[in-house]
Amino acid sequence: MTETRTAPREKIDAMKSKEAIVNELSMVVATVNGSGSQTSNLAIIRSLFRMGIPVSGKNLFPSNIQGLPTWFTIRASSEGYTARRDRVEILVAMNPATFKEDLRDLVSGGVCFYDDRFTIPQERSDIVYYPMPVRALVKEMDPPKELRDYIANMAYVGVVAKMLGIEMEEIRGALMTHFQSKQSAVDLNMRMIQAAASWAEKNLSKQDPYRIERIDQTQDLLLIDGNTASALGAIYGGVGFAAWYPITPASSLADALEEYLPQLRKDEETGKATYVVIQAEDELAAIGMAVGAGWAGARSMTSTSGPGISLMAEFAGLAFFAEIPIVVWDVQRMGPSTGLPTRTSQADILFVRFLGHGDTKQVMLLPGSIAECFEFGWRAFDLAERLQTPIFVLSDLDLGMNLWMSEKFTYPSQPFDRGKILTAEDLDRIGEFARYRDVDGDGITYRTLPGTDHPLAAYFTRGTGHTEKAVYSESADDWDFNFDRIIRKLETARDMLPRPMISTDEDARIGLIAYGSTDPAIREARDRLKMEDISTDYLRIRSVPFAPKVGTFIREHDIVYVLEMNTDGQMHKLLQLEVPDQAAKLISLTHNNGLPLSARWVVEAILAHEGG
Amino acid sequence: MTASISEKDVSNKNVNKVGLEKADYKGLPTTLCQGCGHNSISSQIIAACYEMSIKPERIVKLSGIGCSSKSPTYFLNRSQGFNSLHGRMPSIATGAVLANRSVKAIGVSGDGDTASIGIGQFIHMLRRNVPMVYIIENNGVYGLTKGQFSATADKGQVLKKIGVNPFMPVDVCMEALIANCGFVARSFAGDPKQVKELLKAALSFKGTAVVDIISPCVTFNNRGESTKSYTWGKAHEYPLHDVTWVPKRDEIQVDYKPGEVTEVDMHDGSTLVFKKLEQDYNPRDRMAALQMLEETCCGGVLVTGLIFINEEQAPLPDIEEMVETPLVHLTEEVLRPSKESLEQVMEAFR
């Protein structure tokens, strides 16, 4: 669980000189949503990736179908940094409405590709401009009318590729991936890209220092979004039942289930489905169905975001108390109520941890990479069935919907753990059955599944107080006995859940604690802090209740910064509850404006605190 | 042990086709009020399942919250039960029967649980044709919270504590018909013979079978003028037909005159025999059923019987094209795709 660090190098300042800056840039493509630019942006980012250059892609999009500004940001970094950057070196301006504003964010010496119908404002004479004759190129090619907008967007792919040095063959490869090898679609798009590239070659001369050159740092990596990885993880975890209700940013998780399950899980002989996915009438029904299926013995899940979690509260409490295994993915988004539905956040931590009235305490997994989305996708079922409790997996919009590089997924390393289930044969052998009896002393009891053909198999599942034999009871003793055992079960859970990832440096007195999608920003920030002679150790939380190591880490450091994307420092509060004697040394650093964390923000926040 | 409704029948020592006595179908002693209509319905569930020789282990009994929803404790001790959330039992049922399509689901709900808090899930369960028997123990009143009107209470009805109900009732059978339910029945807890036959028919149905049973609340809503009372029901019950469920293999014994009976063949091989009473009623005509309910809704009668049947509609597991084997019986070899397939999937993200 411990990794070693390589020495950091800094290239950012080199931008100011005219010497070539190779494979080190942040690009923003400013478009209007609904204009069909997604394919173009994917072609650029995937071709960079195929040229061996580490990349990440983040789509800053509005909650809207058509007509509002959208920015697709691509970061290329030969050093492998993939966090969001708030500096922009390359702008592809395709939206006249935001042109001025977009230019304002460009660094001095930066590059602006723009549709030649736009007027360049006076105030930025410190950047390089490349006009793109989008309309003329479209007119010349005369694509089918219904594809005109899509093809028009390919013009900037061609010009940008030519001027930066992106290889045409890799763009073709990227399009082959995108169009699933549909040759005619690839050819049509490539015609425009090549026409635009030829135009650029004849008419533009290179005046900026930014270059893309083939390297070899993405061998064996994937470029993929977290929701797809989560869905694949669930499929390789044997998901039987999934119910969901459409909601940004979680819908694409269920979409991916619907896309891959028919390919991977049809019965070979009959062609029938070995799974079922139901689009429910609301999130309440979605989790209700998942609870019903989990109770009946299927590997069962639902996926949603904050507003859906609100609706799921009552069922979450029932499943916790009646001890029913289900997996709930919460792809977090920004704010209370509708908030900013297309922006990212980590603000459901406390709500989910205690989701349900009374003394409910939910088990949470916190994937911090795409590979972990896949891994927790299957592992969550093992944990849910082993612990007989809901497992909440908290992803977020950034991790779920944006494009990340990932290690290849590791095929599940262990067979299914179906937990403590008694069959008819077991009941014959044992001769009795008490659903909530702690036979093994770990707080986890044995269950039978509906349909078990044995007179002793039945029990009554209920949200009311109950005895060991699941019989209704209002007795204070029965309540204590049962609830103490549930708490004991949660203690057992600590040792079963994914352990924290710890990365140490020599003699660090400062500890950093973070979780989820902030990982790339924290890693990059640590490298930068190192350059300022600030050594840090880093613990990334991957589950709640916390592993014992978390408390140890806090005790071992003079000061521990807890970095997260919410307003109140929600994980910071949970940690203070966990180690109250250490509460004073836990410093909360929070960032919550809908944008993913940047390394610069982390560095500045820590320096400000250390300096003061 | 205290006397319970289910124990009254223990004297019957005959075993059924799966070798069980009626006592094997009983539940725990009821804690509902003495004389509650729900207890009578529990007895008929026991009788129906016993007489149909359904193994109790094959049944799941599900409920929401309320007096009605407590009742699954009082029948079929050998069936798995789930007393879930108020108004949300249909979602539990949907998940459970999809996870294990070999179990038979009996859901017990009430008028508050179905027509108020649960109306949304009720409609969507019907829209999906979830295979289950959905019983509404309908008494027009909230019992556990001590006597508030429910959404099925009559307009203008007076309750001592609350006053006058100013709202039109929700007719759950009409809602079911509009939602395209393929089995809509209404009965009266004071007519146990009909309740039992309709339950048997419902248990033979392959989609959602709604059985709305007027089930008087002896504590809060049993005054003679209430259409949910015993007195009123007994005086005003108007059966559409005399319905009998005939199991597979049994020859239909009774000789009827031509035109006097109609038969409906059920999916499981059993037959429903409808004997004509005063008027012709065709339970296959959906629009006629709606019209009948509209005309009789405030007409001073309690129409009972099988209001509508359409056994052609595919149930949810068939709509979803699921394998015949229950999902819960599939092995890891089936449920976890191969390592090679994962490699292939990942190729697309290069």
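Keep in mind it's a predicted model, so treat the numbers as computed, not measured. (Residues numbered from 1 in each chain as written. Chains lettered and ligands numbered in written order. Predicted model: local features only at pLDDT ≥ 70, side-chain atom pairs only at ≥ 80, totals over all residues.)

> Describe the overall build of chain A, naming the residues involved and giving the relevant values.
For chain A, the count of helices and strands is 20 helices and 24 strands. Expected size for 612 residues packed as a compact globule is a radius of gyration near 25 Å; at 26 Å, chain A falls within 12% of this value. With the C-alpha coordinates of chain A rotated into their principal frame, the extents come out at 85 × 65 × 40 Å. By residue count, 54% of the 612 residues in chain A fall in the buried class. Sequence-distant contacts, at least 24 apart, represent 76% of the contacts inside chain A between residues at least 6 apart. (Helix = DSSP H or I, 4+ residues; strand = E, 2+ residues; numbered from the N terminus. Rg over C-alpha atoms; globule rule 2.2 N^0.38 Å. Buried ≥ 20, exposed ≤ 12 C-beta atoms within 10 Å, placed from the backbone. Contact = placed C-beta atoms within 7 Å.)

> Kindly report on the overall build of chain B, identifying the contributing residues and their values.
Along chain B, the regular secondary structure elements total 12 helices and 15 strands. On C-alpha atoms alone, chain B measures out to a radius of gyration of 21 Å, which is about the 20 Å that the 2.2 N^0.38 rule sets for 350 residues. Along the three orthogonal principal directions, the C-alpha set of chain B runs to about 75 × 50 × 50 Å. Within chain B, residue pairs in contact and separated by at least 24 positions form 71% of the contacts whose partners lie at least 6 positions apart.

> Account for the interface of chain A and chain B, naming residues and giving values.
On the side of chain B, 48 residues touch chain A, which itself brings 58 residues to the contact. Only strand S10 (221-225), helix H7 (226-236), strand S11 (241-244), helix H8 (251-264), strand S12 (276-279), helix H9 (283-296), helix H11 (313-322) and strand S18 (460-462) of chain A provide two or more residues apiece to the side of chain A that touches chain B. No other element matches H9 of chain A, which puts 10 residues into the side of chain A that touches chain B. Of the residues contributing to the side of chain A that touches chain B, the split by class is 36 nonpolar, 14 polar and eight charged. Looking at chain direction, S18 of chain A and strand S2 (residues 80-83) of chain B are connected through three bridges and run parallel. Opposite Arg462 of chain A, over in S2 of chain B, you have Asn83 of chain B as the bridge partner. (Nonpolar A, V, L, I, M, F, W, Y, C, P; charged D, E, K, R; others polar. Pairing = 2+ DSSP bridges.)

> Explain the environment of Thr227 of chain B to me, and be specific about the residues and the numbers.
Residue and element names in this part refer to chain B. Residue position: Thr227 is located in the loop between strand S10 (208-214) and helix H8 (230-236). Overall, the presence of 19 C-beta atoms within 10 Å leaves Thr227 in the partly exposed class. Residues Thr227 and Val246 lie 19 residues apart in sequence; the distance between their C-alpha atoms is 31 Å.

> Give a detailed account of the environment of Asp568 of chain A, specifying residues and quantitative values.
Of note, Asp568 of chain A is situated in the loop between strand S23 (559-564) and helix H19 (570-578). Residues Asp568 of chain A and Ile513 of chain A, 55 residues apart in the sequence, show an inter-C-alpha distance of 15 Å.

> Requested: an account of the domain arrangement of chain A, with residues and values cited.
Residues and elements named next belong to chain A. Domain annotation for chain A reports domain 1 (7-219), domain 2 (224-407), domain 3 (424-494) and domain 4 (501-611). Taken over C-alpha atoms, the centre of domain 2 sits 26 Å from the centre of domain 3. Taken residue by residue, the interface counts 10 residues in domain 2 and 10 residues in domain 3. Secondary structure elements with two or more residues in the side of domain 2 that touches domain 3: H9 and H11. Its residues assigned to classes, the side of domain 2 that touches domain 3 comprises seven nonpolar, two polar and one charged. (Domains from an automatic or database assignment.)

> With reference to specific residues and values, describe the nonpolar core.
Counting residues in hydrophobic clusters, the biggest one holds 265 residues, and the most contacted among them are Leu91, Val92, Phe113 and Val159 of chain A together with Ala202 of chain B. The dominant element in this core, judged by the number of residues it contributes, is helix H4 (residues 148-164) of chain A, at 12 residues. With residues near it in sequence (within four places) discarded, Val92 of chain A still touches Met27, Val29, Ala30, Phe113, Tyr156 and Val160 of chain A. (Core = buried A, V, L, I, M, F, W, Y, C linked by C-beta atoms within 7 Å.)

> Account for the pairing of strand S6 (residues 88-93) of chain A, naming residues and giving values.
Residues and elements named next belong to chain A. The buried fraction of S6 is high, at six of six residues. Where strand S3 (residues 24-32) lies against S6, four bridges are found, and the strand directions are parallel. Within S6, the position partnered with Ala30 by the bridge is Ala93. When S6 meets strand S7 (residues 106-115), the two strands line up parallel, connected through five bridges. Across the sheet, the residue bridging to Val88 is Leu106, located in S7.

> Can you break down the sheet that holds strand S13 (residues 300-304) of chain A residue by residue, with the values?
Residue and element names in this part refer to chain A. In spatial order, the strands read S12-S11-S13-S14-S16-S15-S22; together these seven strands make up an open sheet with mixed pairing. Two strands lie at the open edges of the sheet, namely S12 and strand S22 (543-544), each paired on one side alone. Pairing geometry for S13 and strand S14 (residues 326-332), over four bridges, is parallel. Its bridge partner being in S14, Thr304 is matched across the sheet by Asp330. Sheet strands touched by H8: S11, S12, S13 and S14. Its angle to S12, the strand with the most contacts, is close to 145 degrees. (Axes fitted to C-alpha atoms, helices over the stretch in contact; angles between N-to-C directions.)

> Got a sec to walk through H4 of chain A? Specific residues and values, please.
Side chains of residues three or four places apart in an α-helix project in the same direction, reflecting 3.6 residues per turn. Taking 1.5 Å per residue, 17 residues should reach 24 Å; H4 of chain A reaches 25 Å between its end C-alpha atoms and fits that length. A positive backbone phi angle near 100 degrees is found at Gly165 of chain A, which sits one or two residues after H4 of chain A. (Expected span 1.5 Å × (residues − 1).)

> Could you give an account of the packing of H7 of chain A against H8 of chain A, naming the residues involved and the relevant values?
Residues and elements named next belong to chain A. Packing of H7 against H8 brings their axes to within 8 Å, and their N-to-C directions diverge by 45 degrees. By the angle between their axes, H7 is oblique relative to H8. Our pair here, H7 against H8, has a crossing hand that is right-handed. Counted together, Asn227, Thr228, Ser230, Ala231, Leu232, Ala234 and Ile235 of H7 and Ser252, Leu253, Ala256, Leu257, Tyr260, Leu261 and Leu264 of H8 form the full contact between these two elements. Residues belonging to the contact of H7 with H8 are distributed by class as follows: 10 nonpolar, four polar and no charged. (Parallel < 35°, antiparallel > 145°, perpendicular 65-115°, else oblique. Left-handed = near helix turned anticlockwise from the far one by under 90°.)

> Please set out unusual backbone geometry residue by residue, giving values where relevant.
Residues and elements named next belong to chain A. Between Thr248 and Pro249 the backbone carries a cis peptide bond, its omega angle lying at 5 degrees. Here Pro249 shows up in the loop between S11 and H8. A cis amide bond links Val544 to the next residue, Pro545, at an omega of 5 degrees. Checked against the element boundaries, Pro545 lands in the loop between S22 and helix H18 (548-555). Although it is not a glycine, Asp142 sits at a positive phi angle of roughly 55 degrees. As for its position among the elements, Asp142 is in the loop between helix H3 (134-141) and H4.

> Give a detailed account of the sheet that holds strand S14 (residues 271-276) of chain B, specifying residues and quantitative values.
Residue and element names in this part refer to chain B. Spatially, S12-S14-S13 is the arrangement adopted by the three strands of the open sheet, whose pairing is antiparallel. Pairing within the sheet leaves two strands with one partner each, and these edge strands are strand S12 (241-246) and strand S13 (261-265). Ignoring which end each strand starts from, the neighbouring axes of this sheet average 20 degrees apart. As defined by bridge partners, S12 adjoins S14 across six bridges and the pair is classed as antiparallel. Following the sheet pairing, Val246 is matched in S14 by Thr271. The sheet strands contacting helix H7 (residues 192-203) are S12 and S14, and the helix crosses S12 at an angle near 50 degrees.

> Break down helix H1 (residues 37-51) of chain B for me, citing the residues and quoting the values.
All names here are of chain B. Taking 1.5 Å per residue as the helical rise, H1 with its 15 residues ought to reach 21 Å, and the 21 Å between its terminal C-alpha atoms agrees with that figure. Counting buried positions along H1 gives 14 out of 15 residues, so the element sits mostly inside the fold. Once H1 finishes, Ser53 follows within two positions and takes phi at roughly 55 degrees, a positive value.

> Before we move on, could you go through the pairing of strand S5 (residues 69-77) of chain A and cite the residues and values that matter?
Residues and elements named next belong to chain A. Most of S5 sits out of view: eight of its nine residues are buried. Pairing analysis gives nine bridges linking S3 to S5, with the strands arranged antiparallel. Residue pairing for S5: Val28 is matched across the bridge by Thr73. Judged from the six bridges that link them, strand S4 (residues 55-60) and S5 form a sheet pairing that is antiparallel. In the sheet register, Gly57 faces S5, and the bridge partner there is Ile74.

> Tell me about the confidence of the model for chain A, and please be specific about residues and values.
When the pLDDT values of chain A are averaged, the result is 95; 97% of them are 70 or greater. Contacts for the low-pLDDT stretch residues 1-17 of chain A, under 50 throughout, to residues beyond four places or in other chains number 22 contacts. (pLDDT = per-residue confidence, 0-100.)

> I'd love a proper account of the packing of helix H3 (residues 89-99) of chain B against helix H5 (residues 119-128) of chain B, names of residues and values included.
All names here are of chain B. Direction vectors running N to C along H3 and H5 enclose 30 degrees, while the axes themselves pass 8 Å from each other. What the angle tells us is that H3 and H5 run roughly parallel. When H3 is examined against H5, the residues Pro90, Ser91, Ala93 and Thr94 are found in contact with a partner set consisting of Gln121, Phe122, Met125 and Arg128.

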